[in-house]
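Structural overview
Each chain, letter by letter, is given below.
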Amino acid sequence: MSYEKLEKHHVKEKLEKHHVKEEREKLKLTFSINDEEFTITVSPTKRLVDILRDDLSLTGTKVSCGIGRCGACLILMDGNLVNSCLLLSYQVQNAHITTIEGLKKGDLDICQKAFLDEGGFQCGYCTSGMIMATKYLFQENENPTDCEIKEGLSGNLCRCTGYGGIYRAVDSIKRTLDSQSKIES
């Protein structure tokens, strides 16, 4: 066998072994996203953000830094705020996930509406993560202080707005919830 044929044979053999190994290492993943059950087969090390965007076409969750520092990929998993770029598929088995798309049930969610009304976005890249962090903030504390608001949003980076519109949106949500609780009292 010539060197060239031997090399091609070796490469082909390696590719076949890799393909068999890859098929053997697939994970049957079952979880719910936005109250809809899914079962898909993926690599156990595929990132959740890639599953959301590439496999399920839920592109509202953004990818920016890819290392959990910017907050663009924030989602709620089992009620907790998490960076989907840091979660591997095997970590979300049987989880309940809410993405930005899952907040809207008919009308816009109170957080989505406030960001829209108060100009809490510019380019929109950080917006879904900001809204998810805000949703979580008010889920945990309906009447956060200014300090708690800043801390609650501290994991999100925005390079466009200067945060003024974002803080106005959060303040608007706070006022709305406060007036609703007064009506219910």
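For the structure given in this document, a descriptive report is provided here. (Residues numbered from 1 in each chain as written. Predicted model: local features only at pLDDT ≥ 70, side-chain atom pairs only at ≥ 80, totals over all residues. Heavy atoms only, no water.)

Sheet analysis places strand β1 (residues 27-33) next to strand β2 (residues 36-42), joined by 7 bridges and oriented antiparallel. Bridge assignment links I33 to a residue of β2, and that residue is E36. The hairpin formed by β1 and β2 contains 2 residues between the paired strands, and N34 there has a positive phi angle of roughly 55°. (Pairing = 2+ DSSP bridges. Helix = DSSP H or I, 4+ residues; strand = E, 2+ residues; numbered from the N terminus.)

Turning next to a nonpolar patch on the surface. A contiguous nonpolar patch, built from L108, L116 and F121 and spanning about 260 Å² of accessible area, is present on the exposed surface. Its location among the elements puts F121 in the loop between α4 (110-117) and α5 (127-140). On the accessibility criterion, F121 (33% relative accessible area) is partly exposed. (Patch = residues over 30% accessible without salt bridge, like charges linked within 9 Å, V, L, I, M, F, W, Y side chains within 5 Å. Areas by Shrake-Rupley, 256 points an atom, 1.4 Å probe, with all protein chains shown as cover. Salt bridge = Lys/Arg side-chain N within 4 Å of Asp/Glu carboxyl O. Buried < 20%, exposed > 50% of the residue type's maximum accessible area, 1.4 Å probe, protein only.)

Once that is clear, we can look at helix α2 (residues 48-55). Within the sequence span of α2, burial applies to L48, V49, D50, I51 and L52. Buried-residue contacts for α2 involve β1, β2, β3 (74-77) and β5 (96-98). S57 occupies a position one or two residues after α2 and carries a positive phi of about 55°. (Contact = heavy atoms within 4.5 Å.)

Turning our eyes to something else, we now look at α4. Those residues of α4 that sit buried are C111, Q112, A114 and F115. Along α4, the residues classed as buried sweep out an arc of 165° about the axis, all on the same side. Regarding α4, its N-cap is D109, as a side-chain oxygen of that residue lies 2.9 Å from the backbone nitrogen of C111 further along. Immediately beyond the C-terminal end of α4, within one or two residues, lies G119, with a positive phi of roughly 65°. (Arc of directions from axis to C-beta. Polar contact = N/O pair within 3.5 Å; in protein donor to acceptor, adjacent residues only side chain to side chain.)

Further remarks concern the sheet that holds β2. If you trace the 5 strands from one edge of the open sheet to the other, you get β2-β1-β5-β3-β4, paired in mixed fashion. Strands at the two margins of the open sheet, each flanked by one partner only, are β2 and β4 (80-83). The average undirected angle you get between the axes of adjacent strands in this sheet is 40°. Sheet analysis places β3 next to β5, joined by 2 bridges and oriented antiparallel. Counterpart to M77 in the pairing with β5 is I97. Along the sheet face, α2 touches β1, β2, β3 and β5 and points at about 105° away from the line of β2. (Axes fitted to C-alpha atoms, helices over the stretch in contact; angles between N-to-C directions.)

On to the side chain of T61, then. Secondary-structure assignment places T61 in the loop between α2 and β3. In this view, T61 contacts V49, L52, R53, A72, C73, I75, S84, T99, I100, E101 and S128; residues no more than four positions away in its chain are not counted.

For the structure shown, the criterion picks out 7 salt bridges. The closest approach of N and O atoms between K105 and D35, which form a salt bridge, is 3.6 Å. Note that K105 is positioned in the loop between α3 (100-103) and α4 and D35 in the loop between β1 and β2, a separation of 70 residues in sequence. Classification of D35 by relative accessible area gives exposed; the value is 67%. The residue R175 makes a salt bridge to D171 at a minimum N-O spacing of 2.6 Å. Here R175 and its partner D171 are both found in helix α7 (residues 164-184), 4 residues apart, which amounts to about one turn of the helix. With relative accessibility at 36%, the residue D171 sits in the partly exposed group.

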